[in-house]
Structure formats: C-alpha cells, structure tokens
Amino acid sequence: MVGLGPRRQPSRKGSMADMPRDLLQEIKRLEDLFTVDTTKLKAISDHFVSELAKGLSKEGGSIPMNPTWCMGFPTGHETGTFLALDMGGTNLRVCEIRLPEEVGEFDIIQSKYRMPEELKTGTADELWGYIADCLQQFIEYHHEGEKLDQLPLGFTFSYPATQDYIDHGVLQRWTKGFDIDGVEGKDVVPPFTEALAERGVPIKLTALINDTTGTLIASSYTDSEMRIGCIFGTGCNAAYMEHCGDIPKLEHMKLDPKQEIAINCEWGAFDNEHKILPRTQYDIIVDKDSPRPGQQAFEKMIAGLYLGELFRLVLVDLHENTNVKIFEGQDISSLKKAYSLDASFLSDIENDPFENLQETHDKFHSQLKIQCKKPELELIRRLAELIGTRSARLSACGVAAICKKKGYKTAHVGADGSVFNKYPHFKVSLLLTISTPVVGASTLTNDVHCRPAVHKP
Ligand code: BGC
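Residues numbered from 1 in each chain as written. Predicted model: local features only at pLDDT ≥ 70, side-chain atom pairs only at ≥ 80, totals over all residues. Heavy atoms only, no water.

Student: Summarise the overall build of the protein chain; cite the residues concerned and give the values.
Tutor: Each helix and strand counted, the protein chain has 13 helices and 13 strands in total. The C-alpha atoms of the protein chain give a radius of gyration of 23 Å, which matches the 23 Å a tight globule of 457 residues would have. Considering only C-alpha atoms, the protein chain reaches an extent of 70 × 50 × 40 Å along its principal axes. Looking at the protein chain as a whole, 53% of its 457 residues qualify as buried. Residue pairs at least 24 apart in sequence account for 71% of intrachain contacts in the protein chain once pairs closer than 6 positions are excluded. Counting only carbon and sulfur atoms, one obtains 52% of the accessible surface of the protein chain, whose full area is about 20,100 Å². (Helix = DSSP H or I, 4+ residues; strand = E, 2+ residues; numbered from the N terminus. Rg over C-alpha atoms; globule rule 2.2 N^0.38 Å. Buried < 20%, exposed > 50% of the residue type's maximum accessible area, 1.4 Å probe, protein only. Contact = heavy atoms within 4.5 Å. Areas by Shrake-Rupley, 256 points an atom, 1.4 Å probe, with all protein chains shown as cover.)

Student: Break down the sheet that holds strand E4 (residues 107-114) for me, citing the residues and quoting the values.
Tutor: Across the sheet, 5 strands lie side by side as E4-E3-E2-E5-E8; this open sheet has mixed pairing. The open sheet has two edge strands, E4 and strand E8 (203-209), and neither has a second partner. The sheet shows a mean angle of 20° between the axes of neighbouring strands, direction not considered. Pairing geometry for strand E5 (residues 151-157) and E8, over 6 bridges, is parallel. When the sheet's bridge partners are listed, Gly154 is paired in E8 with Ala207. (Pairing = 2+ DSSP bridges. Axes fitted to C-alpha atoms, helices over the stretch in contact; angles between N-to-C directions.)

Student: So, the site of the ligand: which residues are in play, and what are the values?
Tutor: As a structural note, the neighbourhood of the ligand is formed by 15 residues, with Thr175, Asn210, Asp211, Glu266 and Glu299 the closest of them. For the ligand, an oxygen atom lies 3.3 Å from a polar atom in the backbone of Ser158. Here Asn237 contributes a side-chain N or O atom positioned 3.0 Å from an oxygen atom of the ligand. Protein contacts shield 98% of the accessible area of the ligand, which totals 310 Å² for the unbound molecule. Assessed atom by atom at 2 Å from the grid points, the ligand resides in the largest cavity. Contributing elements (two or more residues each) for the shell around the ligand: helix H5 (211-222) and strand E10 (236-243). Tallied by class, the residues present in the shell around the ligand amount to 4 nonpolar, 7 polar and 4 charged. (Near = heavy atom within 4 Å. Polar contact = N/O pair within 3.5 Å; in protein donor to acceptor, adjacent residues only side chain to side chain. 1 Å grid on protein atoms, 1.4 Å probe; cavity = no way out; pocket = protein on both sides within 12 Å on 5 of 7 lines; lining within 4 Å. Sits in = over half its atoms within 2 Å of the grid points. Nonpolar A, V, L, I, M, F, W, Y, C, P; charged D, E, K, R; others polar.)

Student: Describe the environment of Pro278, listing the residues and the values that go with them.
Tutor: Position of Pro278 among the secondary structure elements: in the loop between strand E11 (260-264) and helix H6 (281-288). A residue is classified by how much of its surface remains accessible, and Pro278, at 25% relative accessible area, is partly exposed. Sequence separation between Pro278 and Glu117 is 161 residues, and the spatial gap between their C-alpha atoms is 32 Å.

Student: Just give me the short version of unusual backbone geometry, but keep the residues and values in it.
Tutor: Despite not being glycine, Gln296 shows a phi value in the positive range, around 55°. Mapped onto the elements of the fold, Gln296 is located in the loop between H6 and helix H7 (299-302). The backbone of Lys325 sits at a positive phi, close to 55°, despite the residue not being glycine.

Student: I'd love a proper account of the packing of aromatic side chains, names of residues and values included.
Tutor: Applying the stated criterion across every chain yields a total of 24 aromatic pairs. Relative to Tyr339, the ring of Tyr306 has its centre 6.5 Å away and its plane inclined at 75°; by these criteria the two rings are edge-to-face. With Tyr306 in helix H8 (residues 304-320) and Tyr339 in the loop between H8 and helix H9 (343-350), this residue pair connects regions lying 33 residues apart in the sequence. Overall, Tyr339 belongs to the partly exposed group, its relative accessible area being 36%. Aromatic side chains Tyr423 and Phe426 sit 6.4 Å apart centroid to centroid with 45° between the ring planes, which places their arrangement in the tilted category. Just as Tyr423 is buried, Phe426 falls in that class too. Pairwise contacts between aromatic rings join Trp128, Phe155, Phe157, Tyr159, Trp174, Phe178 and Phe192 into one cluster. When the ring centre of Tyr159 is taken as reference, the NZ or CZ atom of Lys176 above it lies at 4.5 Å. One residue, Lys427, lies across the ring of Phe420, its end atom 4.8 Å from the ring centre. (Phe/Tyr/Trp six-rings, centres within 6.5 Å; stacked < 30°, edge-to-face > 60°. Lys NZ or Arg CZ within 6 Å of the ring centre and 35° of its normal.)

Structure, rendered in structure tokens:
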C-alpha cells in the first residue's frame, strides 16, 4: 500500500513583500472569495450526508445515488480473461486483463486511442462507430489470426446512467462537456453492441460500469480495506458499498438487507439547488456558459475541466473590470478563448520551483503572448493555489460525507484521475482536509497496482 501522509505545503510568505498595495488588496479579495473555512466545510459535509441519504430515498434528490448491480467486493480469487474499455474525456483505453489463480494478481495489456474532440459534440453513430473501430483494432492487433469466442467486456462509461441490470444503462445526462444528441434518456448498450456486430467484432458486453465503481472494485481486489472509489479528473465522483436494507428506493425489490451493492453517487450534482456551496461570480459564469446550465454544480467548482476556466475568467476580469488592471496595454486575445487553459496549466504554475516564477513567466509568454510583471506573477501563483486548494477542500467534504454516513472511523479510498495524479498540491490539501477532525477521518491511498502495460511497438 502506498502511504500518503499529509505533508504541509511549503510556506511562500515573504514573496509578496514588494507587491503594490492595490494588487495586494486584490489578492486579499480573491483569498476571501475562494477560501472555504473549516466551519463552512463542516456545514457542507453535514449537508452532503443528508443529500446522500435523500438520493437513496424513494423521493430522490439532486445526487442520483445510482445502484450499479455490482453486488459486493471481489474476493481476489476471481480468474479468467476480460476486456475493459474506458471511454474518458481525452482518451479511450482498451485493456485485456488476465486474472490468474494467485490471489489478487493480474496481468494487463493496454492500448490507448485518442478521443477526437469533435466526437464529443458529433452524432451518436459516430461515437459508437469510433469506439467499435478501436476495439476492432485492439483485437486485430493483439489476437491476429486467432479464432476467438465472444470475449467478455466491461465498459467503463463514466457518465450518470440508470441501471436495472449490470449490462444496461440509460444515460441520465451528458457531463464533462459532452453534448451528443439522441443519447440522453436511452439505453446506451444496444447501439454500442450493434456497432460491434456490424464490424463482426467478437466481443460481448457483460457489464456497464462507472469509472468510480471500477476504481472501487479494482482497488479492493488488492486491498481488503478499500471502502470508497473516487475520481478527481476531468469530472469528479465517488462510489461506495451500501447495504440493500439502507436503500429505501430499492425496498420494493425485497433484496437481502445485508447484501451489499455498489452505489455510484454521481456527487457532481451535489447542491444543484445552490443551497450551500459558496459560488463566486466566476462559478456562475462557468455554469451559465456550459452545455448543461444548472447541472453538476459541485463538479463545476472542483473538477479538472473547470479549474483552468475559472482561473482564466478571473484573470480576464482583473484585466477588464477592476481598478487593478493586470496585463495593462497588452493584447489578451489568447487568454479570452474559453477553455484555453486546462488544469495542468494551474498545477505547472503551482509547481514553478523558481522564486522569481520564471517558468510561469515563460508559460504566459509562450502560450498566451502575455508579458507578466513580477507582482502579476505573484498574483497568478496565489490565484492558482486558491482555486486548486478550494477544489481539494470541497472534494474532501464528499469523502468525509460518505465516511460519516457509513460511520467509518478509518477507510481506504482508491483514487484516480488526472487532477489527483498530476497535481501534488491537490493531494496534500485533500488529505489535510480529510484528516481535519472537523471534516472527518479516513486514509487516502492511491493504491491500484497497475503492472506496466505490455505495449507492442
Ligand atoms: C460523471 C461521472 C464520472 C465522473 C468522473 C462525471 O462528470 O458524471 O459519471 O464518474 O465525471 O469521470
């Protein structure tokens, strides 16, 4: 297990010494705007607990709390060869996984395909056709000339889906900027299997699962203390095991109350009714200009897709609308392009090792054609920290809420996703917040033992 004890971030006090007064005031304003104090965090996580319960009730709530029909944890004794397909926002990954006799062991072959940006707003036929083409390529490449039976496939479909069976899923709504007509409200499996059949690909879809459920199950395969699976990436979400007896909306099915079932929370929809999250004017713009305004309120404040956009909106505002006028007299047309900065832009700024923020200076110049002065660089760095820290602290409320709901004093959490993996400060802030007695207590591990992929040249 990878032990990740929280380590405090190095203090950068003192670097603001030569900052003009008006910029300092602006930084103070941004600090007030983006800092969520522990009292508020506690209130958010308490409200979160009641919203999780509401999602499980017959009446339902904002958080969908989708039953996944993934009944209980694996034992580690599972054997066989399976395909897994992960349709992410940036890439499509296909894996072939072999589970041998040895408990908790596995071998994996994987190939990555780019997910063309146009597909996200194209047609349903184009989407399913492209995915089926990638699977066909994978099979042809790794099983050339072999006579294959139908290979079982688990399809990681990382969007909210209503499931009556594990191998079906009606898309509730697109998230993460996807906007393909004619898919919402329908079972996604039939058109997908048709596209495979048209190409004669020898694959049988046996499970449709969310990425959080996949993370929970895969992590628990090697760690029996695993309790929650989280994704902190382009989108954000969590899954955990609930007893059927604690799910009023499944009461009519008369399931064994002690039987566990994985619940895909879809917590990105937390507080869609705007009761508790401290939204800023910038969060409101992100929501308004998104393909699905009014949805995924929590996700839009914390997930990778939106962090760079929030940062960009603040900078444009500081250039145009405040007394401070950063980047005065400069052409900021590149900065004005929506979604031109991704979360890695922010983590690179936070990771700039130089006292004079040389790397940040060079990044702004090369990517945005903006020459930053030293005090502007300080403001930029502070803003990146504030947005990243807010994201991590709010995310911690979700983890803490599940722990509180389940009464876990300690828990292992399997976490994955680009923000978690590539943003060191995010990990630290998340851990520090979760381990604050105010919010809750749990242990976070990033413990999916991925063997190196066997890539053929
Ligand atoms: C989706 C979830 C997914 C999460 C992380 C969200 O936008 O609604 O289903 O688990 O992103 O990928």
